[in-house]
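Here are the chains, one letter per residue:
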Amino acid sequence: MKQTDSQFDPSDQARPGSPDQAGTDGWLSEAFRDNELALMGYATHLVKDRDRANDLVQDVFLRLCRQPQGKLKGRVRQWLFRVCRNRALDIMKKEGRMKPLDDTVAEKEVSRDVDPIAKVELAERYSDAMDLLGNLPERQQEVIRLKIEGGLSYREISHATGLSVGNVGYLLSTGLKTVRERLTTTETEN
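Definitions and limits used
Residues numbered from 1 in each chain as written. Predicted model: local features only at pLDDT ≥ 70, side-chain atom pairs only at ≥ 80, totals over all residues. Heavy atoms only, no water. Helix = DSSP H or I, 4+ residues; strand = E, 2+ residues; numbered from the N terminus. Buried < 20%, exposed > 50% of the residue type's maximum accessible area, 1.4 Å probe, protein only. Contact = heavy atoms within 4.5 Å. Salt bridge = Lys/Arg side-chain N within 4 Å of Asp/Glu carboxyl O. Phe/Tyr/Trp six-rings, centres within 6.5 Å; stacked < 30°, edge-to-face > 60°. Core = buried A, V, L, I, M, F, W, Y, C linked by side-chain atoms within 4.5 Å. Axes fitted to C-alpha atoms, helices over the stretch in contact; angles between N-to-C directions. Parallel < 35°, antiparallel > 145°, perpendicular 65-115°, else oblique. Left-handed = near helix turned anticlockwise from the far one by under 90°. Nonpolar A, V, L, I, M, F, W, Y, C, P; charged D, E, K, R; others polar.

A. Highlighting the overall build of the chain. For the chain, the count of helices and strands is 8 helices and 0 strands. Reading the helices (α) and strands (β) of the chain from amino to carboxyl end gives α-α-α-α-α-α-α-α. Counting all 190 residues of the chain, 36% fall into the buried class. Considering only contacts in the chain between residues 6 or more positions apart, those separated by 24 or more positions represent 65%.

Okay, structure coming up:
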């Protein structure tokens, strides 16, 4: 279910050079710093292309710049993810297609660990986990990505997806359990 974001009211914006503008700039910088990477990971999953995800995230932050700070107080993160999701759905609907996640894109999302052996092992485990995650039902994949990549709470995921908090918990629990069991089985076989 698609949700609408708050309507823009230009009279709610701070004037350039005003004390309110400095607070707005700090608020926006903090929102960007705290959410940009997680939002990129989520957007990349949704649109299956890093460049398109970059454009999508940029659009989301531009929309945030037009939002009055007071209307989003305490719920910026969930607002960002909801708008990202809705924009991605709009794009996919417009294009009428979905592309599978390219392996080279997924490999770029690997840890920043400096030990080459640990880095390779971690990349393999990550790849295995992403393959297993990709086999889950779409709703389970989405809530797991919002929780792990986005760091959203159950309530924030609920707001972003339109699912109930209980349904979010159920989907997370069953999805993670399935991935964990399959990952363990795969590792014991090798």
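Structure's up, so let's keep going.
B. Seen up close, the pattern of salt bridges. Counted by the stated rule, this structure contains 7 salt bridges. R87 is the partner of D90 in a salt bridge, and the nearest nitrogen-oxygen pair spans 3.8 Å. Of the two residues, D90 and R87 are both situated in helix α3 (residues 76-95); the distance of 3 residues between them amounts to about one turn of the helix. The class for D90 is partly exposed, based on a relative accessible area of 24%. For R87, a relative accessible area of 22% puts it in the partly exposed group. Among the ionic pairs, E142 bridges to R139, the shortest N-O distance being 3.8 Å. With E142 and R139 both in helix α6 (residues 138-148) and 3 residues apart, the pair spans about one turn of that helix. Since its relative accessible area comes to 8%, E142 is described here as buried.

C. Summary view of the packing of aromatic side chains. Scanning all chains against the criterion turns up 2 aromatic pairs. Taking the centre distance of 4.9 Å and the plane angle of 65 degrees together, the rings of F32 and F61 count as edge-to-face. Taken together, the residues F32 in helix α1 (residues 19-47) and F61 in helix α2 (residues 50-65) connect sequence positions 29 residues apart. Judged by its relative accessible area of 9%, F61 falls in the buried class. A ring pair is formed by Y42 and F81, whose centres lie 5.4 Å apart and whose planes are at 50 degrees; its orientation type is tilted. You can see Y42 sitting in helix α1 and its partner F81 sitting in helix α3, a full 39 residues away along the chain. With relative accessibility at 0%, the residue Y42 sits in the buried group. Its relative accessible area of 0% is what places F81 among the buried residues.

D. Just the nonpolar core, in detail. By size, the foremost hydrophobic cluster in this structure holds 41 residues, and its most contacted members are L39, L64, L80, F81 and C84. At the level of secondary structure, the elements contributing two or more residues to this core comprise α1, α2, α3, α5 (116-134), α6, α7 (154-161) and α8 (165-189). With 10 residues, α1 is the single largest residue contributor to this core. Setting aside anything within four residues of it in sequence, one finds L64 in contact with W27, L28, A31, L72, V76, W79 and L80.

E. Structural context of the packing of α6 against α7. For the pair α6 and α7, interaxial distance at closest approach is 10 Å and the crossing angle is 130 degrees. With respect to α7, the axis of α6 lies oblique. Crossing geometry of α6 relative to α7 is assigned as right-handed. Across the interface between the two elements, R139, E142, V143, L146 and K147 of α6 pack against Y154, I157, A160 and T161 of α7. Partitioning the contact of α6 with α7 into residue classes produces 5 nonpolar, 1 polar and 3 charged.

F. Quick peek at the packing of α2 against α3. Where α2 meets α3, the axes come as close as 9 Å, and the angle between the chain directions of the two elements is 130 degrees. In terms of orientation, α2 and α3 fall into the oblique class. In this structure, α2 crosses over α3, and the sense of that crossing is right-handed. Residues R52, L56, D59, V60, F61, R63 and L64 of α2 pack against V76, W79, L80, V83, C84, R87, A88, I91 and E95 of α3. Here the contact of α2 with α3 is composed, by residue class, of 11 nonpolar, no polar and 5 charged.

Geometry only, nothing functional implied.
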